Amino acid sequence: MSQRVNRQVLLASRPPGIPQAEHFEIVTSPVPELQPGEVLVRNIYLSVEPAMRGWVAAVANYSEPVAIGAVMRSFAAGRIEASRDPALPVGTKVTGLFGWQDYAVVQGTAIERRVEEDDLPLSTSLGVMGINGVTAHFGLLELGQPKAGETVVVSTAAGAVGSCVGQIARIHGCRTVGIAGGPDKRALCVERFGFDAAVDYKTDDFAEQLAKACEGGVDVYYDNTAGAISDAVMAHLNVGARIVVCGTASVASWNPAPQGPRVERHLLVKRARMQGFVIFDHADRYPAARRDLAQWLREGKLVYLEEVLDGIAHAPDAVAGLYRGENLGKRLIRLTDD
Ligand SMILES: NC(=O)c1ccc[n+]([C@@H]2O[C@H](COP(=O)([O-])OP(=O)(O)OC[C@H]3O[C@@H](n4cnc5c(N)ncnc54)[C@H](OP(=O)(O)O)[C@@H]3O)[C@@H](O)[C@H]2O)c1
């Protein structure tokens, strides 16, 4: 085991906002010997999340900041290559917070789950069957409570969470409107993910396009961006609307605090409810969400898109790329063949 070399992406310095390539460094280190109860995971796919901006920020939010010099925190999917935990045999496919590195030595209790859907690609365990899928499922169905015939609007609609939200809403009989950046993503929303309408927020006539797409008003707004996009959606709420605050991709930082129109009058006049959530608080809901997601995937009712970057060298710039809007679908880094 000691001959294995582990390439690791470390957080080299604290970024003032969105982490850029220069805030990380790639080092190599030997893989330590296993202690009783530990397993060695060979990471195959590493996840790239917009939330990583918050994970490396100086100010703790819902999790402690990644320490300078530490391996970058990340979900990963891989196979157990050596085990001193009898419950986790070699060859088991697993996911967990294994970090941006080739190998992770973890306690068996740190395994988030065994991946048992052998008919689905392992990569999906980080996207549509992973945090993105369960976030979309929980946020939309539990907090958004969509009813058939209602209009559901989603921002970052071409992305991993957004594309899933739109399709789950459609499965529940809703009319869906996606908001995404650029003509390619707008087309993707309609042609691949089946949104009834899609609006490009990067055009000068975004407000007019949105008004047209939301003529009957908005019953559920699944908000992944905050900022000017959300300000525009608020003007179209129906009475009793639900606003699910899932992400704040367009809010650059909390310092200085973001400025914008206030929402209180919209909420009051429309008797609307606005609720934020962090999916990690709802881990008890993951299995039921995954059962639905797997079923819809197998039935062809749910489609997904992945953007796979080959090689760990892509990791340092990968989060910045999400904020440049480069990704078409769930962004992953592949380290080795599945
Ligand atoms: N609450 C939770 O527990 C939870 C869990 C998972 C994810 N999330 C949130 O869900 C959202 C989507 O995550 P994801 O993993 O599915 O990522 P994603 O949508 O696949 O990728 C991020 C997308 O954000 C958009 N974006 C980046 N900067 C933006 C800006 N300034 N204004 C508007 N849009 C911008 C880009 O799309 P365009 O090219 O269309 O702009 C980019 O492709 C994120 O906000 C994430 O933090 C929340």
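It should be emphasised that the depicted structure is a prediction, and the values quoted were computed from it without experimental measurement.

**Q** Is there a simple way to think about the site of the ligand in this case?
**A** Close to the ligand lie 28 residues; V161, K185, Y201, I279 and N327 are nearest. A distance of 2.4 Å separates an oxygen atom of the ligand from a polar side-chain atom of Y201. The contact in question runs from a nitrogen atom of the ligand to an N or O atom on the backbone of C246, over 2.9 Å. When the ligand sits alone it has 910 Å² of accessible area, and the protein chains cover 89% of it. Listed by contribution, the elements that provide at least two residues to the shell around the ligand are α2 (131-144), α3 (160-171) and α9 (315-323). For the shell around the ligand, the leading source of residues is α2, giving 3 residues. Of the residues belonging to the shell around the ligand, the class tally is 14 nonpolar, 13 polar and 1 charged. The residues that make up the shell around the ligand include at least three from each of domain 1 (5-127 + 305-334) and domain 2 (131-280).

**Q** Quick question: what am I supposed to make of the domain arrangement of the protein here?
**A** Interface size is commonly expressed as the accessible area that is lost once the parts come together. You can read the domains of the protein as domain 1 (5-127 + 305-334) and domain 2 (131-280). Distance from the C-alpha centre of domain 1 to the C-alpha centre of domain 2: 28 Å. Taken together, the contact between domain 1 and domain 2 spans 14 residues of the former and 15 residues of the latter. With both chains or domains summed, domain 1 and domain 2 bury close to 1200 Å², and 58% of this area falls on carbon and sulfur atoms. Per-residue buried area on domain 1 facing domain 2 is highest for R53, Y62 and L305; these three make up 36% of the total on that side. For the interface between domain 1 and domain 2, the tally reads 0 salt bridges. Applying the counting criterion to the domain 1 and domain 2 interface returns 7 residue pairs in polar contact (both at pLDDT 80 or more). A class-by-class count of the residues in the side of domain 1 that touches domain 2 yields 7 nonpolar, 4 polar and 3 charged.

**Q** In this structure, what is going on with unusual backbone geometry? I would like to understand it.
**A** The bulk of non-glycine residues show a negative phi, and the bulk of peptide bonds are trans. Even without being glycine, T156 reaches a positive phi, approximately 45 degrees. Inspection of the secondary structure assignment puts T156 in the loop between β8 (151-155) and α3. What makes T156 partly exposed here is its relative accessible area of 31%.

**Q** What should I look at first to understand the pattern of salt bridges in this one?
**A** Where charged atoms of side chains with opposite charge meet at close range, the side chains can pair. Within this structure, the stated rule accounts for 20 salt bridges. Its salt-bridge partner being E49, residue K330 comes within 3.4 Å of it at the nearest N-O pair. Highlighted residues: K330 in strand β15 (residues 330-334) and E49 in the loop between β3 (38-47) and α1 (52-55), separated in sequence by 281 residues. Using a relative accessible area of 4% as the deciding quantity, one classes K330 as buried. In this structure, the salt-bridge partner of K147 is E150, at a minimum N-O distance of 4.0 Å. Three or more residues joined by partner-sharing salt bridges are found here, namely E307, D317, R324, E326 and R331.

**Q** For this particular structure, what's the right way to read the side chain of E38?
**A** Assignment of secondary structure puts E38 in strand β3. Summary of buried charges: E38 has no salt-bridge partner, and the nearest side chain of opposite charge, R84, is 7.1 Å away. Dropping the residues within four chain positions of it, E38 is found in contact with E33, S83, R84, D85, V105, V106 and Q107.

**Q** Sorry, what's going on with the packing of aromatic side chains here?
**A** Centre distance and the angle of the planes are the two values used to describe a pair of aromatic rings. Throughout the structure, instances matching the rule amount to 4 aromatic pairs. Ring geometry for Y62 against F280: centres 5.9 Å apart, planes inclined by 55 degrees, an arrangement best described as tilted. Of this pair, Y62 sits in the loop between α1 and β4 (76-83) while F280 is found in the loop between β13 (273-276) and α8 (286-299), placing the two residues 218 residues apart along the sequence. Here Y62 falls in the partly exposed class, since its relative accessible area comes to 39%. Ring geometry for F138 and F277: centres 5.7 Å apart, planes at 50 degrees, overall tilted. Separated by 139 residues along the polypeptide, F138 in helix α2 and F277 in the loop between β13 and α8 bring together distant segments of the chain.

**Q** Could you clarify how one ought to interpret the nonpolar core in this entry?
**A** Nonpolar side chains in soluble globular proteins generally cluster together in the buried interior. In this structure, W100 and L140 are the most contacted members of the largest nonpolar core, which totals 75 residues. The greatest single-element share of this core, amounting to 7 residues, is contributed by α2. Both of domain 1 (5-127 + 305-334) and domain 2 (131-280) provide at least three residues apiece to this core. If we ignore the near neighbours within four places in the chain, the residues touching L140 are T135, Q145, P146, V152, V165, I168, A169, V220 and Y222.

What counts, and at which threshold
Residues numbered from 1 in each chain as written. Predicted model: local features only at pLDDT ≥ 70, side-chain atom pairs only at ≥ 80, totals over all residues. Heavy atoms only, no water. Near = heavy atom within 4 Å. Polar contact = N/O pair within 3.5 Å; in protein donor to acceptor, adjacent residues only side chain to side chain. Areas by Shrake-Rupley, 256 points an atom, 1.4 Å probe, with all protein chains shown as cover. Helix = DSSP H or I, 4+ residues; strand = E, 2+ residues; numbered from the N terminus. Nonpolar A, V, L, I, M, F, W, Y, C, P; charged D, E, K, R; others polar. Domains from an automatic or database assignment. Contact = heavy atoms within 4.5 Å. Buried area = accessible area lost by both parts, 1.4 Å probe. Salt bridge = Lys/Arg side-chain N within 4 Å of Asp/Glu carboxyl O. Buried < 20%, exposed > 50% of the residue type's maximum accessible area, 1.4 Å probe, protein only. Lys, Arg positive; Asp, Glu negative; His and termini not counted. Phe/Tyr/Trp six-rings, centres within 6.5 Å; stacked < 30°, edge-to-face > 60°. Core = buried A, V, L, I, M, F, W, Y, C linked by side-chain atoms within 4.5 Å.

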